[in-house]
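# A closer look at the structure
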Amino acid sequence: MSDRPPPFTALRAFEAAARHMSFAKAAEELSVTPAALSYQIKSLEQHLGQPVFRRLNRAVELTEAGQRLEPGIRDGFASLQAAWRAARRMADDTTLTITAGPAFTAKWLSPRLFQFANAHPQIEPRFAATLRLLDFDRDNIDIAIRFGVGEDTALFSRPLMDEWLTPMMTPQMAARFPEPSDLAKATLLHQDDIAFLKPAADWGEWFRVAKLGAAPRGGPRFSQADHAIDAALAGAGVVLGRISLAEGALRDGLLVAPYPIALTTEAHYRLVCPEGAEARPKIRAFLDWVSSETGTIKQFEAGRTFIPAGREM
């Protein structure tokens, strides 16, 4: 029995049939007849010297040999598909796929999109807004904007901006709560998307560093920071706003940040892409553009006292 693998068509037929556990569905996916697919499976079994499927009345199941073969064939096709997508992406200089968190995409990236599009009309940006850590090859991503701590192993990574948080509210609400101590009587809006930060950067920590005692209990909770900001914009309460997400509302005067104390955190934004891809024209253009846009945050830093979350007072 030769160690030479069977023809590619036979391996592809086996992978599809094992994934669907159906010859009919696999044949439909591969645009062949069930008879043709069955012929490819038999060819593979002849090369292997034993059956890989048990043919039942209305179904099939893997034999022990098929079970041993399936994971490697499945992973091999996944690797082949990822390599093919990566190679095709190298030849595509007109589309740029960016992934970032939903809140950052909604509040920071999307409102600026027209500026990048005007400066680079030859590039079509596409966005994948998700908190899931996408894979560059598997998910067909060109560049990622990530927030958190730690290192991006074996990837190109450029710091984008640091994060800080301070109470933000509408101008009308700020008139009702002119002093930080007045927040004890305010409705506080909570955001759970940064609950992973250690030390915590939340209302309890802000009240502590502001020497105001314990933060009031209760108040609406939001799984996404942009929803908490929207609630603050509607006058529903005071949000411990993240500058990265609230900059536009502050610039337009829809929200104000009247108190000087701001929490900082080790978590930060960075631009990440596969090593070497940063030199590609479309990615380099986006890197340079995003980096230039972050400078607008500086105007909100004047007069603030920045205190690292968790610092002993």
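This report concerns the structure included in the present document. (Residues numbered from 1 in each chain as written. Predicted model: local features only at pLDDT ≥ 70, side-chain atom pairs only at ≥ 80, totals over all residues. Heavy atoms only, no water.)

## So, the packing of aromatic side chains
To be explicit about the condition: Here the aromatic set is Phe, Tyr and Trp, taking the six-membered ring for Trp, and pairing holds for ring centres within 6.5 Å; pairs whose planes are under 30 degrees apart are stacked, those over 60 apart are edge-to-face, and all others are tilted. We count a stretch as a helix when DSSP gives it H or I for four or more residues in a row; a strand needs E for two or more, and each element gets its number in order from the N terminus. Here the term buried applies to any residue with accessible area under 20% of the maximum for its type, exposed to any over 50%, and partly exposed to those in between, with areas from a 1.4 Å probe on protein chains only.
Overall, the coordinates contain 15 aromatic pairs when judged by the stated rule. Taking 5.3 Å as the distance between ring centres and 85° as the angle between the ring planes, the aromatic pair formed by Phe-23 and Phe-53 counts as edge-to-face. Note that Phe-23 is positioned in helix H2 (residues 23-30) and Phe-53 in strand S1 (residues 53-55), a separation of 30 residues in sequence. The exposure class of Phe-53 is buried, given its relative accessible area of 3%. Centroid distance Trp-203 to Trp-206: 6.1 Å. Interplanar angle 85°. Geometry classified as edge-to-face.

## Some remarks on the side chain of Asp-226
Keep this limit in mind: His is not counted, nor are the chain ends; Lys and Arg add positive charge and Asp and Glu add negative charge. What counts as a salt bridge is simple: a side-chain nitrogen of Lys or Arg found within 4 Å of a carboxyl oxygen of Asp or Glu. Pairs of residues are marked as contacts when any of their non-hydrogen atoms sit within 4.5 Å.
Mapped onto the secondary structure, Asp-226 falls in helix H9 (residues 225-233). Here Asp-226 occupies a buried position and makes no salt bridge, while the nearest side chain of opposite charge, Lys-107, is found at 6.0 Å. Non-local contacts of Asp-226, meaning those with residues more than four positions away in its chain, are made with Pro-102, Ala-103, Ala-106 and Lys-107.

## Quick notes on the pairing of strand S9 (residues 238-242)
Under the convention used in this document: Should DSSP find at least two bridges between two strands, the strands are taken to pair.
Across the five residues that make up S9, a large majority, five, are buried. Going residue by residue along S9, you find Val-238, Leu-240 and Arg-242 tucked away on one face and Val-239 and Gly-241 tucked away on the opposite face as well. One ladder, built from four bridges, connects strand S6 (residues 155-168) with S9; its direction is antiparallel. Across the sheet, residue Pro-167 finds its bridge partner in S9, namely Leu-240. Here strand S7 (residues 188-191) runs beside S9; their pairing, made up of two bridges, is parallel. By the bridge assignment, Leu-188 is partnered in S9 with Val-238.

## Concerning the pairing of strand S5 (residues 143-148)
Burial within S5 is extensive, with five of its six residues counted as buried. In this sheet, S5 lies alongside strand S3 (residues 95-100) in parallel orientation, the contact comprising two bridges. By the bridge assignment for S5, Ile-98 is matched with Ile-143. Pairing between S5 and strand S10 (residues 261-274): five bridges, direction antiparallel. By the bridge assignment, Ala-144 is partnered in S10 with Val-272.

## A word on the layout of surface pockets
The condition is simple: The distinction between a cavity and a pocket rests on a 1 Å grid over the protein atoms alone: a 1.4 Å probe fits inside a cavity but cannot get out, while a pocket stays open yet meets protein on both sides within 12 Å along at least five of seven lines, and a residue with an atom within 4 Å of a point counts as lining. Grid points are joined across faces, edges and corners, and a volume is the space filled by probe spheres set on the points. Lys, Arg, Asp and Glu make up the charged group, whereas Ala, Val, Leu, Ile, Met, Phe, Trp, Tyr, Cys and Pro make up the nonpolar group; the residues left over, Gly among them, are polar.
Looking at the largest pocket, its volume works out to about 460 Å³. Along the walls of the largest pocket sit 25 residues, with Gly-101, Leu-131, Ile-145, Arg-146 and Phe-147 positioned nearest its centre. Among the secondary structure elements, those contributing two or more residues to the lining of the largest pocket are S3, helix H5 (102-109), S5 and S10. Looking at the lining of the largest pocket, the element that brings in the most residues is S5, giving four residues. Among the residues forming the lining of the largest pocket, the class breakdown is 14 nonpolar, four polar and seven charged. Roughly 240 Å³ of internal volume is contained in the second largest pocket. Every residue lining the second largest pocket is listed: Phe-8, Arg-12, Glu-15, Arg-19, Glu-29, Leu-30, Arg-74, Phe-77, Ala-78, Leu-80 and Gln-81.

## Regarding the side chain of Glu-293
By the element assignment, Glu-293 lies in helix H11 (residues 281-293). Here Glu-293 is in contact with Trp-108, Arg-112 and Gln-115, once residues within four sequence places are set aside.

## Some thoughts on the nonpolar core
Heads up, the rule is: Put simply, buried Ala, Val, Leu, Ile, Met, Phe, Trp, Tyr and Cys residues joined by side-chain atoms within 4.5 Å make one nonpolar core.
Within the largest apolar cluster, 44 residues are counted, with the highest numbers of intra-cluster contacts made by Phe-104, Leu-109, Ile-145, Leu-160 and Phe-286. Contributions of two or more residues to this core are made by S3, H5, S5, S6, H9, helix H10 (243-251), S10 and H11. Excluding its chain neighbours within four sequence positions, the residues that come into contact with Phe-104 are Leu-109, Ile-145, Leu-160, Met-161, Ser-244, Leu-245 and Tyr-269. Membership of the second largest hydrophobic core comes to 24 residues, among which are Leu-165, Trp-203, Ala-267 and Ala-309.

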